[in-house]
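# Observations on the three-dimensional arrangement
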Amino acid sequence: MPKRLANFNSLFDRMKNTAFYLGLLALLACTIIISLGMGALHIPFFEVVRLLFQPFSKLPLTEDDTLLRNVLMEIRVPRILFCTLIGAVLGITGTAIQGIFRNPLAEPGLIGISAGASFFAALSIVFETSLIALLGTAVSLYLLSFSAFIGAVIAVIVVFTISVVNGKSNIATMILAGIAINALAGAATGLMSYMASEQQLRNITFWSLGSMAGATWDSAKVLAVISISAVIPLLFFGKSLNLFSLGESQAEMMGVSTRRLKIWVVLFSTLAVGVSVAFSGIIAFVGLLVPHTLRLIGTVDNRFLLPASLIAGAIVLNLADLLARTIIQPLELPIGVVTALVGAPVFLAILIREKRKL
Amino acid sequence: MIHIQSLNYAVKSRTIIKDLNLFVDKGEFVSIIGANGAGKSSLLKLIAGEWKPDSGELRMRGESLHSLSMKEMAKFRGYLHQSNSMDIPFTVEEIVAMGRYQHRATGLDEAIVAECMTLCSLDHLRTRSIRELSGGEQQRVHFARVLAQLWDVEGGVLLLDEPISNMDIQYQHQTLAIAKSLCKIGFTVIAVLHDLNLVAQYSDRVLMMKSGRAWWYGIPNEVFKQQHIYTIFGIDSHTQVNPKNLVTQVEVVPLVYDIHEINSFHRQQREEDRVLVDSVIS
């Protein structure tokens, strides 16, 4: 192939990717603006824009404007920030974990993150009074989130430690250990549910179905700091993850430090998903749906897929949250139910249309 | 270039490589041949640094393999594995471009990838998914990837484990000819091969292996003797040197089995048929 044609091809591919990113970003912006306006209190599109940019204009606020602005800034913006961050985390970690496991069916839950978080969340709900008495009332606000995070981290540490063979973590052992830990944590959560009172049982069930209702500026700040610092390094593993798909030993032969790659990807994914699950509960299907769909309609190159799944994850979760809080308003559906109910048929439709590419 | 001395490797109590010595000079094409399980691929894995030997010395380009990291080795050593299955459907171009991982982006990468694809006749498959390709085409893609890894390297080492096993005759010759041409610019090639005639045509030296040991090492005309081939593979053959190009040709005496001797079910049926025919005649 002539050099000029090769350069043209590569330029065309880059332009295609840039256009795809821009399209995704535009879609995310639209989703966010629509989400900001919709809910129990409807705010028209131009009103949303006007109220958001009000501090920069010198126009005074009316009484109605103040009410609408309070709804927007104190309820909707933190919630949408939550959805954007958590969706981005679930999307990118889904891609990274699938890359590490060399399996398009893998997701962060496979290494015990969700199950560990669920067990510790249930534990903290059932023993809330004793734990507050032990740790002090200061922790009561974040007890559930903190416990879920610790649970996720402990589960992954156990799975990772078991998977180490001759100083190297073995992917097959990691999957098997993950299945065992998932089963064990699932049984322990079941035991907690059995011991729980009626109200506690409702809390456990509600938490395990996921919800964005607890979004506040304070929790959004914690979530933003941890998730952004864990997600940014993941963006740089695209090239190594591509080589990893050739097989661990082949990647190593080509100069990839596979040991470090596995540790970093698992560590950053655990931190990011752990903190997300801690604040929102279990949100099923996004980590699987987003990378898979992008692979079917775009490319399998992880250098492109990681940033794309970051944006697409945010779009999917914002849309799911929009549905969750508007479909039966003024009541709210658990977001995990919406992601699975809407995500699964959409995913199946794409799968049927594009199955030949698999 | 590659200097192996008293190399030993065992898994649990099973010896894989036993007291093996080998010297490969810069610019040489060395083929490793031997029966299945003789230790050919294991030796290549040890040379590539994938496995660590139990004892012995292994030096490459004057440096001990122990002192080199995988990253350093990947800058001058390309290794094509025997099997290259991929679950994720990357395109041909994406896979060949993976060969450039260890090199700093110089702006030449795209041209190198394009050149390697053209050389391996992959241009028309550029955007095709690897999973849509035949076994031979997939082997060519991975060969092109290893070429892209070493394309702008001086004095590279190319380790090929059965690189042509699924290819048709044209691409078998093409692949080996490309490897051979690299030797002319200072590359060293070590390949595990099975076709003795191709080995004789393209190799400068041949290492014959038996039970993890070096049975014979020398130029093809020296190695391809009837008795050596019988010892290694347990088959009868005729060897002769082609007077036109002085390349040894190996002709294997075909094996013939009597299916009725080895298949008891068919033997019994034949006997029953015979009894039936006899009874009809009588």
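The rules behind these values
- Residues numbered from 1 in each chain as written.
- Chains lettered and ligands numbered in written order.
- Predicted model: local features only at pLDDT ≥ 70, side-chain atom pairs only at ≥ 80, totals over all residues.
- Heavy atoms only, no water.
- Helix = DSSP H or I, 4+ residues; strand = E, 2+ residues; numbered from the N terminus.
- Rg over C-alpha atoms; globule rule 2.2 N^0.38 Å.
- Contact = heavy atoms within 4.5 Å.
- Buried area = accessible area lost by both parts, 1.4 Å probe.
- Salt bridge = Lys/Arg side-chain N within 4 Å of Asp/Glu carboxyl O.
- Polar contact = N/O pair within 3.5 Å; in protein donor to acceptor, adjacent residues only side chain to side chain.
- Nonpolar A, V, L, I, M, F, W, Y, C, P; charged D, E, K, R; others polar.
- Pairing = 2+ DSSP bridges.
- Axes fitted to C-alpha atoms, helices over the stretch in contact; angles between N-to-C directions.
- Patch = residues over 30% accessible without salt bridge, like charges linked within 9 Å, V, L, I, M, F, W, Y side chains within 5 Å.
- Areas by Shrake-Rupley, 256 points an atom, 1.4 Å probe, with all protein chains shown as cover.
- Phe/Tyr/Trp six-rings, centres within 6.5 Å; stacked < 30°, edge-to-face > 60°.
- Buried < 20%, exposed > 50% of the residue type's maximum accessible area, 1.4 Å probe, protein only.
- pLDDT = per-residue confidence, 0-100.
- 1 Å grid on protein atoms, 1.4 Å probe; cavity = no way out; pocket = protein on both sides within 12 Å on 5 of 7 lines; lining within 4 Å.
- Points joined across faces, edges and corners; volume = space filled by probe spheres on them.
- Parallel < 35°, antiparallel > 145°, perpendicular 65-115°, else oblique.
- Left-handed = near helix turned anticlockwise from the far one by under 90°.

In the annotation of an unreviewed UniProt entry, the entry for chain B reads Heme ABC transporter ATP-binding protein, and the organism field reads Sphingobacterium humi.

Within chain A, the secondary structure is distributed over 15 helices and two strands. Over its C-alpha atoms chain A spans a radius of gyration of 22 Å, differing by no more than 12% from the 21 Å that the globule rule assigns to 358 residues. For chain A, the spread of C-alpha atoms along the three principal axes comes to 70 × 55 × 35 Å. Summarising the internal contacts of chain A: among those between residues at least 6 apart in sequence, 77% fall at separations of at least 24.

Here we come to the interface of chain A and chain B. Often, the extent of an interface is quoted as the loss of accessible area on bringing the components together. At the junction of the two partners, chain A supplies 28 residues and chain B supplies 36 residues. The contact between chain A and chain B buries some 2800 Å² in all, and 58% of this surface belongs to carbon and sulfur atoms. Linking chain A with chain B are zero salt bridges, by the criterion used here. Applying the counting rule to chain A against chain B returns nine residue pairs in polar contact (both at pLDDT 80 or more). Of all the elements, helix 1 (residues 3–37) of chain A adds the most residues to the side of chain A that touches chain B, at seven residues. Residue composition of the side of chain A that touches chain B, grouped by class: nine nonpolar, eleven polar and eight charged.

A few words on the sheet that holds strand 2 (residues 14–24) of chain B. Residue and element names in this part refer to chain B. The antiparallel open sheet is built from four strands, whose spatial order is 2-1-4-5. Edge positions in the sheet fall to strand 2 and strand 5 (63–64), since each has one partner strand and no second. Pairing of strand 1 (residues 2–11) with strand 4 (residues 55–60), which is carried by five bridges, proceeds in the antiparallel orientation. Bridged to asparagine 8 within strand 4 is serine 55. Its contacts with the sheet put helix 1 (residues 40–48) on strand 1, strand 2 and strand 4, and the angle it makes with strand 1 is roughly 120 degrees.

Residue and element names in this part refer to chain A. A contiguous nonpolar surface patch, about 620 Å² in accessible area, is contributed by Leu323, Ile327, Ile328, Leu331, Leu341, Val342 and Val346. Looking at the nonpolar patch element by element, the count peaks at three residues for helix 15 (residues 335–354). Looking at where valine 342 falls in the secondary structure, it is placed in helix 15.

Now for the packing of aromatic side chains. Residue and element names in this part refer to chain A. This structure, assessed with the given rule, holds seven aromatic pairs over all chains. Their ring planes at 80 degrees and their centres at 5.2 Å tell us that phenylalanine 45 and phenylalanine 46 sit as a pair that is edge-to-face. Given the relative accessible area of 44%, phenylalanine 45 is considered partly exposed. Note on phenylalanine 46: relative accessible area 67%, which makes it exposed. Following the ring pairs from residue to residue traces out a cluster consisting of Phe20, Tyr21 and Phe304.

This part is about the confidence of the model for chain A. For chain A, the mean per-residue pLDDT works out to 85, and 95% of the residues sit at or above 70. Within chain A, the element-level pLDDT minimum falls on strand 2 (residues 168–169) of chain A, averaging 74, and the maximum on helix 14 (residues 302–326) of chain A, averaging 93.

Close reading of the predicted structure is inappropriate where its pLDDT is low. Here chain B averages 92 in pLDDT, and 100% of its residues register 70 or above. Per the prediction output, this complex has pTM 0.84; the corresponding ipTM is 0.84.

So, on to the layout of surface pockets. Within this model, the largest pocket holds a volume of roughly 1500 Å³. Forming the boundary of the largest pocket are 50 residues, of which A:Asp13, A:Thr299, A:Asp301, A:Arg303 and B:Glu94 lie nearest the centre. Among the secondary structure elements, those contributing two or more residues to the lining of the largest pocket are helix 1, helix 10 (238–244), helix 13 (286–297), helix 14 and helix 15 of chain A together with helix 3 (92–98) and helix 4 (109–119) of chain B. A total of nine residues in the lining of the largest pocket trace back to one element, the largest contributor, which is helix 1 of chain A.

This part takes up the packing of helix 3 (residues 63–101) of chain A against helix 13 of chain A. Residue and element names in this part refer to chain A. Two elements in contact, helix 3 and helix 13, have axes whose closest approach is 7 Å; the angle formed by their N-to-C orientations is 70 degrees. Compared by their axis directions, helix 3 and helix 13 come out roughly perpendicular. With respect to the hand of their crossing, helix 3 and helix 13 are arranged in right-handed fashion. Residues Gly87, Leu90, Gly91, Gly94, Thr95 and Gln98 of helix 3 form the contact with helix 13, whose participating residues are Val286, Gly287, Leu288, Val290, Pro291 and Arg295. Residues of the contact of helix 3 with helix 13, tallied by class, amount to five nonpolar, six polar and one charged.

Strand pairing in a sheet relies on backbone hydrogen bonds. The paired strands run either parallel or antiparallel. All names here are of chain B. Strand order in the open sheet formed by six strands is 6-7-8-3-9-10, with mixed pairing between adjacent strands. The open sheet has two free edges, formed respectively by strand 6 (77–80) and strand 10 (213–218), since each of these has just one partner strand. Strand-to-strand twist in this sheet, taken as the mean axis angle between neighbours without regard to direction, amounts to 15 degrees. Pairing of strand 6 with strand 7 (residues 157–161) involves four bridges; the strand directions are parallel. Pairing of tyrosine 79 across the sheet is with leucine 159, part of strand 7. Across the sheet, helix 5 (residues 135–150) is in contact with strand 6 and strand 7; its angle to strand 6 comes to roughly 175 degrees.

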